[in-house]
Amino acid sequence: MKIENTKAQMRKGVLEYCILSLLKDNDAYTTEILAQLKEAKMIVVEGTIYPLLTRLKNAGLLAYRWEESTSGPPRKYYTLTKNGNNFLNELHNTWTELTTAVDNLTKEKTNENE
Amino acid sequence: MNKTVNINLGGVFFHIDEEAYQMLKNYLDSIRFSLRNDPEGLEEILNDIEARISELLSEKVKDNRQVVNTTDIEEIISIMGQPEDYSMEEESNDYTTEEDPNNPFNSKRKKYKKKFFRDGEDKFIGGVAAGFAHYVGVEPIWIRILFIISLFIGVGSPILVYLVLWILLPEARTTSEKLQMQGKDINISNIQKTVSENVERISKNVEEFGQKIKKKDLGGFESSVKNNSQKFFDGLGNVMKKILLAIRKIIGIVLLIGSIVMIVSLIVSLFSVNTLNHFGIFQEIFDNNSSFFFENTFPIWMISILIFMLVLIPCIFWLLLSLRIISSNFKGFNLPTILTLVGLWFISLLFVIYSGIEFSSYSVNRGNTNQEERLEFVKNDTIILKALPHEKYGSYSKLSRHSDDQFILENNEQKKYSNQIRIRVKKSNNENSLLRIQKESEGKTFKNAIANTELIDYNFDTNEKELLLNGYFISPTINKRIDEEIDLDVIIPVGTIIYFDDSVKYLLSNVKNVQRIYDRDMINHYFIMTKEGLECLDCPDEVIRNEDYIKTTIDKDNVSIKVNYY
C-alpha cells in the first residue's frame, strides 16, 4: 500500500460531500469551486472535478445555468437542487456520526499508546 | 522559428505554436480516451475542461499577440492533472499498487487492447502491412516480404485481400489511435514520446527535402523506392482529389444501389429457393431437378445457405466499399468482424467445393439389366415395327431419341419422362423372335446403378402383325445428371420380313444392314433378315451405300441385285 494512494482515496471519498456543502448557501461556477477545494487542499489536480460535477448533475443533485461574464465566455453556475439538498443533509449526518466514531476510536488508540 | 496555429478553445481565440498545439490536442485526446467508459457525459465534461483550460490560458496570455507555447501547456497539464486522473473508475486509480502486479485491476489498467489500424506514416501503398505489423508486433518489412511471397503463391489473390483491408480499416490519425495501434498505454509520457517522434520525423523530412532539392539542382536523381511509391500515391491523391470527389460520390452511389439490390435479391432468392423453388436468380442452380442436390452429403437447404453466404459476403464487402467511397468518415468493420466474415466465406467455399467434388465424382458407375421377351410371330411372316408415344405426355412428332427429358407428376410423385430409346434389329440364332430390353442407368456404385435400372418402367405390346414398342420410358430417377437409356434389340430369325413404320424413324440406332442404308432411309421399307443380315427389299438405289454390294451382285448375276439373297 502506498500512503499517497490511501490519502488520495480518503479525499476522494468525501469530495462529493465537500462539493455539495460548498454549494449549499450560494451558487458557484466551476473555477470558484475549484479554487475553494484547492485552498482547502481537498484536491491536487483539477481534472478529477469535471467528471464528478457532471455525474452529480446527471444524478439530479446539481443543476446549472449559464451566466454572462465580464471577461471571457459565459460561465457555468452550479446550484444545489432539492434532491441535492436532501442528499447533502443525509451525508452531513453520516459524516458527523463518522467523525465522532473515528475521533473516539483514534483517541482511545492514541491514549493507549501513550 | 515556429509555425503558429489559431484555435478556438472554449469560445476564446488563441495563437498557439504548432508543437504546443500538438501537445494540447494529444492531451485532450488522452482525456477523451480515459473517459471512454462514460460516453454519456463525455462531451459535456470535455467542454467544461476546454473552458477551464481556456480560462487558465487567458490568465497567462495577457496580450492578444502573445503565443501559447509548450511551457504554458505543460503548466496547464500540471494544474489539470494527468489524463488518468480524470477517470472516475476507482479500481483503475487507487487500490492497485505497484507491489501487487497480480491484481487483476492492475493488469486491466495497464493493458489497453491493441487495435488494427492502417499506419499512414509508414506506408508503401495504404499502410496495411505496417498496421498489421504493429498489430502482431513485428517489423513491417517481414509482413511486406510475406505479402510479396503470398502474391506468388496465391496468384495475385492477396491483392484483393489487401484492397479489402485498405478499404475497411481506418487509418490511425490521432495520437491515441496511433498508440492503440502499437498497443501502448495512452498516457502523457507515451503521447509526448509520440509527439517528439513526430517532430523529429518532420524535421528529418524537411532535411531530406532540402537535400533532394540540392541533388535535383545537380541533375542527379536518387530516391528510395519507398519514397517514390509514397509520393506517387500521395501526389496522385492530392492532385486528383477534387476532380475525383464528385465522380467518386457518383460511383459510390451506383455501387451502393447495386450492392443493396444484390443483397435484397439474394435474400429473396434464398427464401424462394427453400419455399417456392422456382423463382430467384439461382433458379438454374437450385432447380429442383438439378443433379447437384442428389445424393449429396449435405441437405439442399444447407447448400443453399452456403452458396448464399459465398455470394453474400462479397456483397457485404461491396456494400462497405461503396459506403466508404461515399463517405470517408465511414470506418468500416473492426478486425474481428472482418476476420469472421472472411472465415465464414472460406468455410462456405470449402463446403461448396467439397459438394462440388462429391457431385462430380458421382455417377461414375454405369449398370444395365437385360430382359428378354419372346415374341410370338409366325416364321417368315412380316412384322410391322411401330413406336407409340405416351398418351398424355408425348406425341408422334416428339418420338425422338434426341428430345429432352421431361419431368412429370405421376401419382403426386415427380418422375422423368424420357425418349432415350435405341432400337436395333438383329438376327436370331434360332427360329424364335425375341425382344431384348436392356435398361441402362448410373449410380454412385455399380449396385446403385443396377437398382436404378430396375426402377425404369418400360412396356411394349404385340398383336398379330405389329410390334408396338413404347417410344418412351418413365423413371423415378429425376436426377438430371443420371443418364438413363433403353436399348431395344428386336431379334428375328432368318427369313422374317420387317417393315419400319414412320414412328421409329428417330429411334433406330445404326441398324446394320447389308446395303449399309442409313436408319432414316429404312423407314417405310421392307427388310428381310438374311444370313448376312438385314436386306432391303424395296429401297431405291441411291440410298444404298455399300458399293461392293451392288458390284458383287451385279458381277454374279447381271439380271437382279436382290435375287441372290432371297
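To be clear, the structure that these remarks concern was listed above.
Residues numbered from 1 in each chain as written. Chains lettered and ligands numbered in written order. Predicted model: local features only at pLDDT ≥ 70, side-chain atom pairs only at ≥ 80, totals over all residues. Heavy atoms only, no water.

Visitor: Which residues make up the environment of N430 of chain B, and what are the values?
Guide: Residue and element names in this part refer to chain B. Counting through the fold element by element, N430 comes out in the loop between β8 (421–427) and β9 (433–443). Taking relative accessible area as the criterion, N430 reaches 41% and is therefore assigned partly exposed. For the pair formed by N430 and I491, sequence separation is 61 residues and the distance between their alpha carbons is 9.9 Å. Among the polar contacts listed, one links the side chain of N430 to the side chain of S428, at a separation of 3.0 Å. Looking at N430, its side chain comes within polar contact range of the main-chain nitrogen of N432, at 2.9 Å. (Helix = DSSP H or I, 4+ residues; strand = E, 2+ residues; numbered from the N terminus. Buried < 20%, exposed > 50% of the residue type's maximum accessible area, 1.4 Å probe, protein only. Polar contact = N/O pair within 3.5 Å; in protein donor to acceptor, adjacent residues only side chain to side chain.)

Visitor: Summarise the sheet that holds strand β1 (residues 28–29) of chain A; cite the residues concerned and give the values.
Guide: Pairing is antiparallel in the open sheet, where 3 strands are placed in the order β1-β3-β2 (chain A). A strand with exactly one partner marks an edge of an open sheet, and here the two such strands are β1 and β2 (62–67) of chain A. (Pairing = 2+ DSSP bridges.)

Visitor: Which residues make up the pairing of strand β1 (residues 4–9) of chain B, and what are the values?
Guide: With 6 bridges connecting them, β1 of chain B and strand β2 (residues 12–17) of chain B associate as antiparallel partners. Across the sheet, residue I7 of chain B finds its bridge partner in β2 of chain B, namely F14 of chain B.

Visitor: Just give me the short version of the packing of helix α1 (residues 3–22) of chain A against helix α3 (residues 49–58) of chain A, but keep the residues and values in it.
Guide: Residues and elements named next belong to chain A. At their nearest, the axes of α1 and α3 sit 11 Å apart, and the two run at 65° to each other. For the element pair α1 / α3, the angle class is roughly perpendicular. Considering only the axes of α1 and α3, their crossing is right-handed. Contacts from L15, E16 and I19 in α1 reach I49, L52, L53, R55 and L56 in α3. Its residues assigned to classes, the contact of α1 with α3 shows 6 nonpolar, no polar and 2 charged. (Axes fitted to C-alpha atoms, helices over the stretch in contact; angles between N-to-C directions. Parallel < 35°, antiparallel > 145°, perpendicular 65-115°, else oblique. Left-handed = near helix turned anticlockwise from the far one by under 90°. Contact = heavy atoms within 4.5 Å. Nonpolar A, V, L, I, M, F, W, Y, C, P; charged D, E, K, R; others polar.)

Visitor: Account for the pattern of salt bridges, with residues named and values stated.
Guide: When the charged atoms of two side chains with opposite charge come close together, those side chains can pair. Residue and element names in this part refer to chain A. Under the criterion given, the structure shown has 24 salt bridges over all chains. Here R55 and E16 are joined by a salt bridge, their closest N and O atoms 3.6 Å apart. Residue R55 is found in helix α3, and its partner E16 is found in helix α1; the two are separated by 39 residues along the sequence. Classification of R55 by relative accessible area gives partly exposed; the value is 41%. For E16, a relative accessible area of 24% puts it in the partly exposed group. Among the ionic pairs, E67 bridges to R65, the shortest N-O distance being 2.9 Å. (Salt bridge = Lys/Arg side-chain N within 4 Å of Asp/Glu carboxyl O.)

Visitor: So what's going on with a nonpolar patch on the surface? Residues and values would help.
Guide: All names here are of chain B. Where nonpolar side chains cluster on the molecular surface, the patch consists of F132, Y135, V136, V138, I141, W142, I145, L146, I148, I149, F152 and I153 and spans about 1200 Å² of accessible area. Per-element tally for the nonpolar patch: the top contributor is helix α8 (residues 140–153), with 8 residues. Within the secondary structure layout, I145 lies in helix α8. (Patch = residues over 30% accessible without salt bridge, like charges linked within 9 Å, V, L, I, M, F, W, Y side chains within 5 Å. Areas by Shrake-Rupley, 256 points an atom, 1.4 Å probe, with all protein chains shown as cover.)

Visitor: Give a description of the state of the cysteines that names residues and reports values.
Guide: Residue and element names in this part refer to chain B. A full pass over the atoms with the stated rule returns 1 disulfide over all chains. The disulfide that involves C536 links it to C539, with 1.9 Å between the sulfurs. Disulfide C536 to C539: torsion about the S-S bond roughly 80°, handedness right-handed. A relative accessible area of 1% means that C536 is categorised as buried. By relative accessible area, which is 5% here, C539 ends up buried. (Disulfide = S-S within 2.5 Å.)

Visitor: Can you tell me about the sheet that holds strand β3 (residues 67–68) of chain B, naming the residues and giving the values?
Guide: All names here are of chain B. Overall, mixed pairing links the 3 strands, which are arranged β1-β2-β3 in an open sheet. The sheet is open, and its two borders are formed by β1 and β3, each paired with just one other strand. In the packing of helix α2 (residues 42–60) onto the sheet, the strands contacted are β1, β2 and β3, and the crossing angle to β2 comes to about 70°.

Visitor: Lay out the packing of α1 of chain A against helix α2 (residues 30–39) of chain A in plain terms, naming residues and giving numbers.
Guide: Residues and elements named next belong to chain A. Two numbers describe how α1 lies on α2: the axes approach to 11 Å, and their chain directions differ by 120°. With respect to each other, α1 and α2 are oriented oblique. For the pair α1 and α2, the sense of crossing is right-handed. Every residue of α2 that contacts α1 at L15, C18, I19 and L22 is listed here: I33, Q36 and L37. Partitioned by chemical class, the residues of the contact of α1 with α2 number 6 nonpolar, 1 polar and no charged.

Visitor: Go over the side chain of E440 of chain B with me, naming the residues and quoting the values.
Guide: All names here are of chain B. Within the fold, E440 resides in strand β9. For E440, a relative accessible area of 11% gives the class buried. At 2.7 Å, the side chain of E440 and the side chain of R366 are in polar contact. Other than its neighbours up to four places away in sequence, E440 contacts R366, G367, N368, T453, I456, D483, E484, E485 and D487.

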